[in-house]
Amino acid sequence: MQQERLGRLIEPIHDAALAFARCLCRSRADGDDLFQESLVRALDKLETLRDDNAFRHWLYRVIVSVHRNRCRRSFWSRLVPLGDREVAGEDFSRGVDRARAALATLPPEQRETIVLFEIEGWQIDEIAALHGVSASAVKSRLVRGRDRLRTFYTKQLGIGDVTPILVPGDSP
Amino acid sequence: MISADLAALGEDSRRDPLPRERTLGVYRDDGGLGAAARRDELLEQRRHELAFMPLAYSHVFAHRVGRAAAGAASIVGALTLLFALGDPLVSTLFGVARVDPSGVAALAVISVLMTYIGASSLGERLFESRMRKAIELAGDVHADLDRLAEGPVDVARRLVRRIDPWAVAFMIGGCICVAALFGYTMFAFDARAGRWHHWTRLALQRDLVVVMIALAIGAALVATVGRAIARRSESTRWLTHGAILGGGLILVGVTLYYGMLARMLLRTPSIATRLGLSIAGVLAVFAIASYAVLWWRGREQKRLA
């Protein structure tokens, strides 16, 4: 019964939520895994969702929560020169690979904020509501995330001419 | 450039979305090589489990099936004979009237033993077939993965636990019924042998009601014990205390003493006394049988642990 309910609720946002999960991860396959794990958790907790209209935010919150758990779980990967931090030897000729590698250097909350704002096109207050923080905190995360991305592009990839990402309300 | 790369990432992530039926299912890959490899690995693991599984599970299950069947057979047989003895027409038609206590005892022992041996053997075969099924492949990878998620040891534990309350309840119930039948047969034999010539067949029928009341109390006690064991409650532990056995033996002595007294005095005890003796007899057998069965069950649990 809950599976049917989940199937019905997820229908309009399935592809967008899957794309969000894929953007958060280092590879598409990892993103698919994250989405699958999030759906399993969502199915498990679906009975706690009272208002079906709030499903979109609720599912994204589940994805964010599972993503953070996975980041915490793989803390040891920072100690070895593999995975997210590996830059040398990788092919960055494709913009997608560059973006993935750059996003992987961000802390999870900055990564989620950048993806939601820049790629998914969410508004600041929507992101603030999703993360349960103030709008200024979201803006701060965007600015810090943007700085880190720029640093990655200039220092790690050696690309000097980087157009900064602008947050609405900021002066260029 | 960063914006362009992020936009490219967004485009790439939206490309080739997974079908909904796959993301909402348990498995993301639809029976590919990964699932088959997982299945094969799990199958190997389960086969090892089965090979090294202690034989105690099989033995305990078979004995419990045997006890449950023997108990059930005792209950059915004893109740049938009780009704046959109490009904003048049936007892005359089928020659039950000629049955004496030693005949009943011999019949009960032989039939219970035969049932126990037959049911134990059947239980072993059933256990074997369930174990074989636990590591069998059906062909569909995901169905196999689902089935292999539960190993042979889990299946064996579940089988042993499921039969446990039945084995205990039927065994105690069977002991109570056979004891009641034995007591009633002695009484009927005496009446028909003319020792208590003033007792009529109607009195026999009336006393069947007395025995039935006592048996109903016994059935309620047995159901309570069986239910507690099914719920894995510790509330039956007090039944394995030595005092229960002692109390049961004292009750047996008291019941036999008053029974013998009535026989020797050639006097019909009152209905209240007869009812009291029947209930005391049932309680005594319940106490002794519970002690013995639960003590034996405790030994089995230790073997399984």
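Residues numbered from 1 in each chain as written. Chains lettered and ligands numbered in written order. Predicted model: local features only at pLDDT ≥ 70, side-chain atom pairs only at ≥ 80, totals over all residues. Heavy atoms only, no water.

## Comments concerning the interface of chain A and chain B
Moving on, step 1. Contact with chain A, which involves 36 residues of that partner, is made by 23 residues of chain B.
Moving on, step 2. Considering only the surface of chain A that becomes buried against chain B, Arg-28, Gln-36 and Ile-119 of chain A emerge as the three largest contributors, covering 20% of it.
Moving on, step 3. Inspection of the region where chain A meets chain B yields four salt bridges.
Moving on, step 4. A salt bridge links Glu-120 of chain A to Arg-14 of chain B; the nearest nitrogen and oxygen atoms lie 4.0 Å apart.
Moving on, step 5. When contributions to the side of chain A that touches chain B are tallied by element, the ones reaching two or more residues are α1 (2-10), α2 (14-24), α3 (28-45), α5 (95-104), α6 (108-119) and α8 (135-156) of chain A. (Contact = heavy atoms within 4.5 Å. Buried area = accessible area lost by both parts, 1.4 Å probe. Salt bridge = Lys/Arg side-chain N within 4 Å of Asp/Glu carboxyl O. Helix = DSSP H or I, 4+ residues; strand = E, 2+ residues; numbered from the N terminus.)

## Digging into unusual backbone geometry
Leaving glycine out, the prevailing phi sign among residues is negative, and the prevailing peptide bond configuration is trans.
Residue and element names in this part refer to chain B.
Moving on, step 1. At Arg-232, a residue that is not glycine, the phi angle is positive and equals roughly 55 degrees.
Moving on, step 2. Along the polypeptide, Arg-232 turns up in the loop between α9 (201-230) and α10 (242-265).
Moving on, step 3. Using a relative accessible area of 57% as the deciding quantity, one classes Arg-232 as exposed. (Buried < 20%, exposed > 50% of the residue type's maximum accessible area, 1.4 Å probe, protein only.)

## Some thoughts on the nonpolar core
Moving on, step 1. The biggest cluster of nonpolar side chains holds 52 residues, and the ones touching the most others in it are Phe-55, Leu-59 and Ile-63 of chain A.
Moving on, step 2. If you tally residues by element for this core, the top one is helix α4 (residues 55-73) of chain A, at eight residues.
Moving on, step 3. Composition of this core by domain shows at least three residues from each of domain 1 (1-80) and domain 2 (90-163) of chain A.
Moving on, step 4. Excluding residues that lie within four positions of it along the chain, Leu-59 of chain A makes contacts with Ile-10, Ile-13, Ala-17, Leu-39 and Ala-42 of chain A.
Moving on, step 5. With 30 residues, the next largest nonpolar core counts Ala-78, Leu-208, Ile-244 and Ala-289 of chain B among its residues. (Core = buried A, V, L, I, M, F, W, Y, C linked by side-chain atoms within 4.5 Å. Domains from an automatic or database assignment.)

## Notes on the confidence of the model for chain B
Moving on, step 1. The share of residues in chain B with pLDDT of 70 or more is 84%, and the mean pLDDT across the chain is 82.
Moving on, step 2. Interface confidence for the predicted complex, expressed as ipTM, amounts to 0.76; the pTM equals 0.57. (pLDDT = per-residue confidence, 0-100.)

## A closer look at the pattern of salt bridges
Residues and elements named next belong to chain B.
Moving on, step 1. A complete count under the given rule lists 25 salt bridges over all chains for this structure.
Moving on, step 2. The residue Arg-15 makes a salt bridge to Asp-12 at a minimum N-O spacing of 2.1 Å.
Moving on, step 3. Among the residues examined, Arg-15 registers a relative accessible area of 41% and is labelled partly exposed.
Moving on, step 4. A salt bridge links Arg-46 to Glu-49; its shortest N-O distance comes to 2.6 Å.

## Focus on the packing of aromatic side chains
The description of an aromatic ring pair uses the distance of the two centres, along with the angle that the planes make with each other.
Residue and element names in this part refer to chain A.
Moving on, step 1. Inspection of the entire model under this criterion finds eight aromatic pairs over all chains.
Moving on, step 2. Ring geometry for Phe-55 versus Trp-58: centroids 5.9 Å apart, planes at 35 degrees, classification tilted. Of the two residues, Phe-55 and Trp-58 both sit in helix α4, three residues apart, roughly one turn of that helix.
Moving on, step 3. Both rings, one in Phe-152 and one in Tyr-153, keep their centres 6.3 Å apart while their planes meet at 75 degrees; by these two values the pair is edge-to-face.
Moving on, step 4. For Phe-152, a relative accessible area of 4% translates into the label buried.
Moving on, step 5. A residue is classified by how much of its surface remains accessible, and Tyr-153, at 1% relative accessible area, is buried.
Moving on, step 6. Clustering of aromatic rings is evident, with ring pairs tying together Phe-20, Tyr-60 and Trp-122.
Moving on, step 7. If you follow Arg-56 out to its NZ or CZ, it ends over the ring of Tyr-60, 5.9 Å from the centre. (Phe/Tyr/Trp six-rings, centres within 6.5 Å; stacked < 30°, edge-to-face > 60°. Lys NZ or Arg CZ within 6 Å of the ring centre and 35° of its normal.)

## Quick look at the state of the cysteines
Moving on, step 1. One pass over the full model with this rule turns up zero disulfides over all chains.
Moving on, step 2. Of all cysteine sulfurs in the structure, the one in Cys-175 of chain B sits closest to Cys-177 of chain B, which takes part in no disulfide; the separation is 9.5 Å. (Disulfide = S-S within 2.5 Å.)

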